[in-house]
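Each chain is listed here by its residues.
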Amino acid sequence: LPIVVTIALALCIRRMVKINVLIHKLSTAESLGGTDVICSDKTGTLTTNKMTVQKVHAGEKAFNVTGTGYRPRGDFLIEDEIIEPCADPDLTMALRIGALCNNARLFQVEDSDKWEIRGDPTEAALIVAATKADCFKETLEKEYPRVDEIPFNSATKMMSTFNRERRDTITVFTKGAPEIILSQCQSIQINGEIHELTPEKRQAILESNREMAGKALRVLGVAYQIIPEDRVE
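Residue positions are counted from 1 within each chain, in the order its sequence is given. A pLDDT threshold of at least 70 governs which residues receive local features in this predicted model, and a stricter bar of 80 or more applies before side-chain atom pairs are shown or counted, although totals over entire chains, interfaces and linings include all residues. Calculated side-chain values reflect all of the structure's heavy atoms, with hydrogen atoms and water omitted.

### A closer look at a nonpolar patch on the surface
Only residues whose relative accessible area exceeds 30% and that take part in no salt bridge are eligible for patches, with like-charged residues grouped when within 9 Å of each other and nonpolar side chains (Val, Leu, Ile, Met, Phe, Trp, Tyr) grouped when within 5 Å. The protein chains shown are the only cover counted for residues, whose accessible areas, like all others here, come from Shrake-Rupley with a 1.4 Å probe. By salt bridge we mean one thing: a side-chain nitrogen of Lys or Arg within 4 Å of a carboxyl oxygen of Asp or Glu. Together, Leu 1, Val 4 and Val 5 make up an exposed nonpolar region whose accessible area comes to about 320 Å². Numbering of helices and strands runs from the N terminus, with a helix taken as a DSSP run of H or I at least four residues long and a strand as a DSSP run of E at least two residues long. Counting through the fold element by element, Leu 1 comes out in the segment before α1 (2–17). Exposure remark for Leu 1: the relative accessible area of 78% places this residue in the exposed category. Any residue under 20% of the maximum accessible area for its type is buried, any over 50% is exposed, and the rest in between are partly exposed; the area is computed with a 1.4 Å probe on protein chains only.

Here is the structure:
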């Protein structure tokens, strides 16, 4: 009986290999015979490890972003209406922060329409979203050259870069866990103007965060602060 079972399982594994299913242990094939539902996620096997920005909450508006993968083609919509992203100062600022507080790179493969990245897929998705709005990382880095960086770590749950805006002014761009970012802020930009971040506005941001997270989206918060250069140590 053991020999017959072993041969049967081996033949099962052989048949599954032909449909690109790899099984390392014979006992696994036996378990699969009694399985109805499989819930799993394996990057590179079930997913392609290509993240895409789908929604942006900036100011008091919610934007949808079309397009998939790393090809920087897509539209920005409010509800179902396509808008010009560069015309909205709050959206532009959010995309700018995402592109500058970022160490990934997006590039087009020579003589092809294929786009690839170097670096973290999450950061690459932010660059792609910014590029869709004509906020090019290379151009932004010339306008806001980086002078320092605080890398992301699990304790602070955020990353910050220090970029020179003018000769005596530094802009700190930060991204990270929405709750952590929100707890560090006292103001909010709405329609390009700075307003007090009231408890009601905080609650609205948290509600937006919960709504997006409830749709299985990975949510990041972004913020910025302009400080005199002599305050940077």
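### Observations regarding the layout of surface pockets
The method is simple in principle: a probe with the dimensions of a water molecule rolls over the atoms, and the space it marks as empty is what remains. The computed volume of the second largest pocket comes to approximately 230 Å³. Buriedness for pockets is judged along seven lines, at least five of which must meet protein on both sides within 12 Å for an open set on the 1 Å grid over protein atoms alone, while cavities are sets there where a 1.4 Å probe fits but cannot get out, and lining residues have an atom within 4 Å of a point. In terms of lining, the second largest pocket is formed by Asp 120, Thr 122, Glu 123, Phe 152, Lys 157, Met 159, Lys 175, Gly 176, Ala 177, Arg 218, Val 219 and Leu 220. Only α4 (121–132) and β9 (169–176) provide two or more residues apiece to the lining of the second largest pocket. Any residue outside Ala, Val, Leu, Ile, Met, Phe, Trp, Tyr, Cys, Pro, Asp, Glu, Lys and Arg is labelled polar, Gly included; the first ten of those are nonpolar and the last four are charged. Here the lining of the second largest pocket is built from residues that sort into five nonpolar, two polar and five charged. Grid points are joined across faces, edges and corners, and a volume is the space filled by probe spheres set on the points.

### What about empty space enclosed by the protein?
Under the defined criterion, the tally for this structure stands at one cavity of 30 Å³ or more. Put simply, the largest cavity is a space of about 30 Å³. Among the residues forming the lining of the largest cavity, the class breakdown is five nonpolar, two polar and one charged.

### Quick word on unusual backbone geometry
Positive phi values are uncommon outside glycine, yet Glu 79 reaches one of about 60°. Note that Glu 79 resides in the loop between β3 (76–78) and β4 (81–83). We note that Asn 191 has phi near 55°; this positive angle belongs to a residue other than glycine. By secondary structure assignment, the location of Asn 191 is in the loop between β10 (187–190) and β11 (193–196).

### Describing the sheet that holds strand β1 (residues 55–58)
Hydrogen bonding along the main chain pairs the strands of a sheet, whether they run parallel or antiparallel. On the basis of which strands lie adjacent, the open sheet formed by four strands has the order β1-β2-β3-β4 and antiparallel pairing. Unpaired on one side and paired on the other, β1 and β4 mark the two borders of the sheet. The mean angle between the axes of side-by-side strands here comes to 40°, regardless of whether they run parallel or antiparallel. At least two DSSP bridges between two strands are needed for those strands to be called paired. Note: β3 against β4, three bridges, orientation antiparallel. Bridging across to β4, Phe 76 finds its partner in Ile 83. Angles run from 0 to 180 degrees between N-to-C directions of axes, and those axes are lines fitted to C-alpha atoms, restricted for helices to the stretch in contact.

### Focus: the nonpolar core
Counting residues in each nonpolar core, the largest one holds 24 residues, and the members touching the most others are Val 53, Val 56, Phe 76, Leu 91, Leu 95, Leu 140 and Phe 173. When contributions to this core are tallied by element, the ones reaching two or more residues are β1, β2 (61–65), α3 (89–100) and α4. Counting residues per element, this core draws most heavily on α3, at seven residues. In contact with Leu 140, other than residues within four places in its own chain, are Arg 96, Ala 99, Leu 100 and Cys 135. Residues Tyr 70, Ala 104, Leu 106 and Ile 127 belong to the second largest nonpolar core, which totals eight residues. Residue types Ala, Val, Leu, Ile, Met, Phe, Trp, Tyr and Cys, when buried and joined through side-chain atoms within 4.5 Å, form a set referred to as a nonpolar core. In what follows, a contact means two residues having at least one pair of non-hydrogen atoms within 4.5 Å.

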